[in-house]
Amino acid sequence: QSKDLKGLISLNDKLQFVRDLFNGYSLAYTEAIELLDRLDSFEAADNFLKQNYAAKNSWAEKQDVADKFYEILNRRFTK
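Note that the structure is predicted; figures quoted are calculated from it, not measured.

Caption draft 1: Highlighting the overall build of the chain. Of regular secondary structure, the chain possesses 5 helices and 0 strands. Listing the helices and strands of the chain from first to last along the sequence gives α-α-α-α-α. What you see for the chain is a C-alpha radius of gyration of 11 Å, in line with the 12 Å of a compact globule of 79 residues. Judged by the C-alpha coordinates and their principal axes, the chain covers about 30 × 25 × 20 Å.

Caption draft 2: The environment of W59, seen in detail. Note that W59 resides in the loop between α4 (42-54) and α5 (63-77). The sequence separation of W59 and Q16 amounts to 43 residues, and the corresponding C-alpha distance is 13 Å. Apart from the residues within four sequence positions on either side, W59 is in contact with L21, F22, L49, Y53, A54, A66, F69 and Y70.

Caption draft 3: Structural detail: the pattern of salt bridges. In the structure shown here, the tally under the stated rule is 4 salt bridges. Across the pair K50 and D46 runs a salt bridge whose closest N-O atoms are separated by 2.9 Å. With a gap of 4 residues between them, K50 and D46 both fall in helix α4, about one helical turn apart. Using a relative accessible area of 15% as the deciding quantity, one classes D46 as buried.

Caption draft 4: How the structure looks around the nonpolar core. In this structure, L49, W59 and F69 are the most contacted members of the largest nonpolar core, which totals 23 residues. Listed by contribution, the elements that provide at least two residues to this core are α2 (11-21), α3 (26-38), α4 and α5. When residues in this core are grouped by element, the largest group, 7 residues, is from α5. Excluding its chain neighbours within four sequence positions, the residues that come into contact with F69 are I9, F17, L21, Y29, I33, L36, L49 and W59.

Caption draft 5: Structural detail: the packing of aromatic side chains. Under the defined criterion, the tally for this structure stands at 9 aromatic pairs. Ring plane angle 70 degrees and centroid distance 5.8 Å describe the contact between F48 and Y53, whose orientation is recorded as edge-to-face. Across the ring face of F77, the terminal group of R76 is positioned such that the distance to the ring centre comes to 4.6 Å.

Rules and cut-offs
- Every chain begins its residue count from 1, and numbering advances along the sequence as written.
- Reporting in this predicted model follows two pLDDT cut-offs: at least 70 for local features of residues, and 80 or more for side-chain atom pairs to be given and counted; totals over whole chains, interfaces and linings ignore these cut-offs and use all residues.
- Think of the side-chain values as coming from all heavy atoms in the structure, minus any hydrogens and water.
- We count a stretch as a helix when DSSP gives it H or I for four or more residues in a row; a strand needs E for two or more, and each element gets its number in order from the N terminus.
- Only C-alpha atoms enter the radius of gyration, while the globule expectation follows 2.2 Å times N to the 0.38, with N the number of residues.
- By the convention used here, residues are in contact when the closest approach between their heavy atoms is within 4.5 Å.
- Here, a salt bridge means any Lys or Arg side-chain nitrogen found within 4 Å of an Asp or Glu carboxyl oxygen.
- Here the term buried applies to any residue with accessible area under 20% of the maximum for its type, exposed to any over 50%, and partly exposed to those in between, with areas from a 1.4 Å probe on protein chains only.
- Throughout this description, the term nonpolar core refers to a set of buried Ala, Val, Leu, Ile, Met, Phe, Trp, Tyr and Cys residues connected via side-chain atoms within 4.5 Å.
- Aromatic pairs are defined between Phe, Tyr and Trp rings, using the six-membered ring for Trp, whenever the two ring centres lie within 6.5 Å; interplanar angles under 30 degrees are classed as stacked, those over 60 as edge-to-face, and all others as tilted.
- Our definition puts a charge over a ring when NZ of Lys or CZ of Arg is within 6 Å of the ring centre and also within 35 degrees of the ring normal.

The structure is reproduced here in structure tokens:
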């Protein structure tokens, strides 16, 4: 599987995700991406994000950005 999440996310998207989904913490974003890339299913990734970031960082209030992130995440796990 050559598709890795880091490679699928453009710099502009990355900056937006860090700002809106990870409260400006670049390190938290980087850690999350590295962990997500080790998971083997979209469901596992979704659970990981829900447990660790979605509620804590109020993703529901930034639904359009979260949707964009999930769209890329989905591409990562689509064979």
